[in-house]
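# Secondary and tertiary structure notes
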Amino acid sequence: MQAAAERRVDHPLVDSYGRQIQDLRISITDRCNFRCQYCMPAEGLPWLPSEKVLTDEEIVRLARIFVHHGITEIRLTGGEPTVRPSLPNIIRQLSALREEGLESLSITTNGVLLDKLAGKLADAGLTRINVSLDTLVREKFHRVTRRDCLDRVLKGLATLENYPSIRPIKVNAVAMKNFTEEEILSFAELARSKPYVVRFIEFMPLDADGNWRREQVLTGREIFDVMNRWKPLLPIETRASSTSRRYRFVDGLGEIGFINPVSEPFCSTCNRVRLTADGQIRTCLFSIDEWNLAGPLRAGASDAQISEIMQHSVSHKELKHKINEGPAFQRASRSMSQIGG
Ligand code: SF4
């Protein structure tokens, strides 16, 4: 594997604020087998027609060009990436990009299919994983996801423990007022008793229904204070571009993270762009505009022409989200399930 420092990157992707883009999130499907209340309606959303969804080969070709421009981290998202049958094949092909500079390959999943898939994902070359899990209470899980399968997600997590090549195992909980508070210490215990990094993510206005309200946001600080009173937390040093504030309990057991995009935005060090399942570049989670790659790609564009579009899109990357700017805040042009985490 070529170390980043040794690796010569032709035309790194640097935006107009001097932020170099090294993290690519690729949504490989807009479909999902859950119906989370804060993401989509019970009946689901109008799915992309399959012919509009990038093929495995198209995903890998675009990823390779991105890697040649300095992308070192790729995360596969959805919808729910595990509902795409070719996921192991995509991972296998992407993990070959390590020879060209890719350093980490991960997925974000709801975990319900992990019990069956974990082995295949490990064999294919997956190195890291994020499992979304907002509650450890069966009834609440059923209520928030509209699926009664907490046991299968926990079983999937336990199965992952058998594959040491996939580390860290991150458990991401969307924190919401009047929902998460009563389980803060249960999640702390989970982090202390299992090889999982538990992270709380502040609730963001990306729901398809547009119902997000600021008063629903339970901030990272509020959760931290409860946990720190229970057992002291010590900070862990992180990279500037990291979205998470990481902590370890004073007795060394368990790691906790806080991702606070609403109360403590981290846009100034953002090094991420996203590729949607239908081949559009989104330079910010809250982008209004997108840059079409699928069209030129399918029209026979060369790698150099594709690179130009990538560079052009990044040169227009937004400085930050405007969630905290009152009327200036415009909702993203797509909902979370159509963007990917
Ligand atoms: S809101 Fe946009 S600019 Fe800010 S961290 Fe997220 S993706 Fe980056």
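Presented here is an overview of the structure given in this document. (Residues numbered from 1 in each chain as written. Predicted model: local features only at pLDDT ≥ 70, side-chain atom pairs only at ≥ 80, totals over all residues. Heavy atoms only, no water.)

Further remarks concern the overall build of the protein. Each helix and strand counted, the protein has ten helices and twelve strands in total. The globule rule puts the C-alpha radius of gyration for 341 residues at 20 Å, and the 19 Å found for the protein is close to it. Across its three principal directions, the C-alpha atoms of the protein cover 55 × 50 × 45 Å. In the protein, which carries 47 positive and 43 negative side-chain charges, the distance between the mean positions of the two groups comes to 1 Å. (Helix = DSSP H or I, 4+ residues; strand = E, 2+ residues; numbered from the N terminus. Rg over C-alpha atoms; globule rule 2.2 N^0.38 Å. Lys, Arg positive; Asp, Glu negative; His and termini not counted. Charge placed at Lys NZ, Arg CZ, Asp CG, Glu CD.)

The subject of this paragraph is the nonpolar core. Counting residues in each nonpolar core, the largest one holds 100 residues, and the members touching the most others are Ile74, Leu76 and Phe200. Top element by residues in this core is helix 1 (residues 56-68). It accounts for seven residues. With near-sequence residues (within four places) excluded, Ile74 lies in contact with Leu24, Ile26, Ala63, Val67, Leu94, Leu102, Ser104, Leu105 and Ser106. (Core = buried A, V, L, I, M, F, W, Y, C linked by side-chain atoms within 4.5 Å. Buried < 20%, exposed > 50% of the residue type's maximum accessible area, 1.4 Å probe, protein only. Contact = heavy atoms within 4.5 Å.)

Before going further, it helps to spend a moment on the pattern of salt bridges. This structure, assessed with the given rule, holds 23 salt bridges. Across the salt bridge formed by Glu255 and Arg246, the nearest N and O atoms sit 2.5 Å from each other. Taking the shortest distance from any N to any O, the salt bridge between Glu290 and Arg282 comes out at 2.6 Å. Judged by its relative accessible area of 24%, Glu290 is partly exposed. Under the relative-accessibility criterion, Arg282 is labelled buried at 0%. (Salt bridge = Lys/Arg side-chain N within 4 Å of Asp/Glu carboxyl O.)

The element strand 2 (residues 73-77) is largely enclosed, with a buried count of five among its five residues. Burial of strand 2 is two-sided: the residues Glu73, Arg75 and Thr77 facing one way and the residues Ile74 and Leu76 facing the other way are all buried. For the segment spanning strand 1 (residues 23-27), helix 1 and strand 2, crossover handedness is right-handed. In terms of strand pairing, strand 2 meets strand 3 (residues 104-109) through four bridges, oriented parallel. Opposite Arg75, over in strand 3, you have Ser106 as the bridge partner. Handedness of the crossover joining strand 2 and strand 3 through helix 2 (residues 87-95) is recorded here as right-handed. (Right-handed = clockwise from strand over helix to strand, strands pointing away. Pairing = 2+ DSSP bridges.)

Now for the packing of aromatic side chains. Evaluated as defined, the whole model comprises nine aromatic pairs. With 6.0 Å between their ring centres and 65 degrees between their planes, Tyr38 and Phe203 make a pair best called edge-to-face. Placement of Tyr38 in the loop between strand 1 and helix 1 and of Phe203 in the loop between strand 6 (196-202) and helix 7 (220-230) is noted, with a sequence separation of 165 residues between them. Each member of the pair, Tyr38 together with Phe203, is buried. Aromatic side chains Phe224 and Phe258 sit 6.0 Å apart centroid to centroid with 70 degrees between the ring planes, which places their arrangement in the edge-to-face category. Pair noted here: Phe224 is in helix 7 and Phe258 is in strand 9 (residues 255-259), with a separation of 34 residues, a long-range link. Of the two residues, Phe224 and Phe258, both sit in the buried class. Joined through ring pairs, the aromatic side chains of Phe187, Phe200, Phe224, Tyr247 and Phe258 make up one cluster. Stacked on the ring of Phe249, the Lys or Arg Arg192 has its end atom at 4.9 Å from the ring centre. (Phe/Tyr/Trp six-rings, centres within 6.5 Å; stacked < 30°, edge-to-face > 60°. Lys NZ or Arg CZ within 6 Å of the ring centre and 35° of its normal.)

Looking at the element boundaries, Asp30 is found in the loop between strand 1 and helix 1. Within the buried core, Asp30 has no salt-bridge partner, and the shortest N-O distance to an opposite charge, that of Arg31, equals 4.3 Å. Only 2.7 Å separates the side chain of Asp30 from the backbone nitrogen of Leu48, close enough to count as a polar contact. Each residue touching Asp30, except ones within four places of it in the same chain, is listed here: Pro46, Trp47, Leu48, Gly79, Ala277 and Ser337. (Polar contact = N/O pair within 3.5 Å; in protein donor to acceptor, adjacent residues only side chain to side chain.)

Of the residues making up helix 6 (residues 184-193), those classed as buried are Ile184, Phe187, Ala188, Leu190, Ala191 and Arg192. Buried residues along helix 6 sit against strand 5 (169-175), strand 6, helix 7, strand 8 (245-249) and strand 9.

Turning our attention to the sheet that holds strand 4 (residues 128-132). Sheets are built from strands that pair by backbone hydrogen bonding, the pairs being arranged parallel or antiparallel. Pairing within the open sheet is mixed, and its twelve strands lie in the order 7-8-9-6-5-4-3-2-1-10-11-12. Pairing within the sheet leaves two strands with one partner each, and these edge strands are strand 7 (233-236) and strand 12 (291-292). Here four bridges tie strand 1 to strand 10 (residues 272-275), and the two strands are oriented parallel to one another. Bridging across to strand 10, Ile26 finds its partner in Leu275. Where helix 5 (residues 150-160) meets the sheet, it contacts strand 4, strand 5 and strand 6, and its direction lies at approximately 165 degrees from that of strand 4. Those strands touched by helix 6 are strand 5, strand 6, strand 8 and strand 9, and its axis lies near 150 degrees from that of strand 6. (Axes fitted to C-alpha atoms, helices over the stretch in contact; angles between N-to-C directions.)

Moving on, we get to the packing of helix 6 against helix 7. Orientation of helix 6 relative to helix 7, taken along the N-to-C sense of each, is 65 degrees, at an axis distance of 10 Å. You can see that helix 6 and helix 7 cross each other, and the crossing is right-handed. Taken together, the residues of helix 7 that come into contact with helix 6 (itself represented by Ile184, Leu185, Ala188, Glu189 and Arg192) are Ile223, Val226, Met227 and Trp230. Split by residue class, the contact of helix 6 with helix 7 holds seven nonpolar, no polar and two charged. (Left-handed = near helix turned anticlockwise from the far one by under 90°. Nonpolar A, V, L, I, M, F, W, Y, C, P; charged D, E, K, R; others polar.)

Nothing here speaks to function; it is all geometry.
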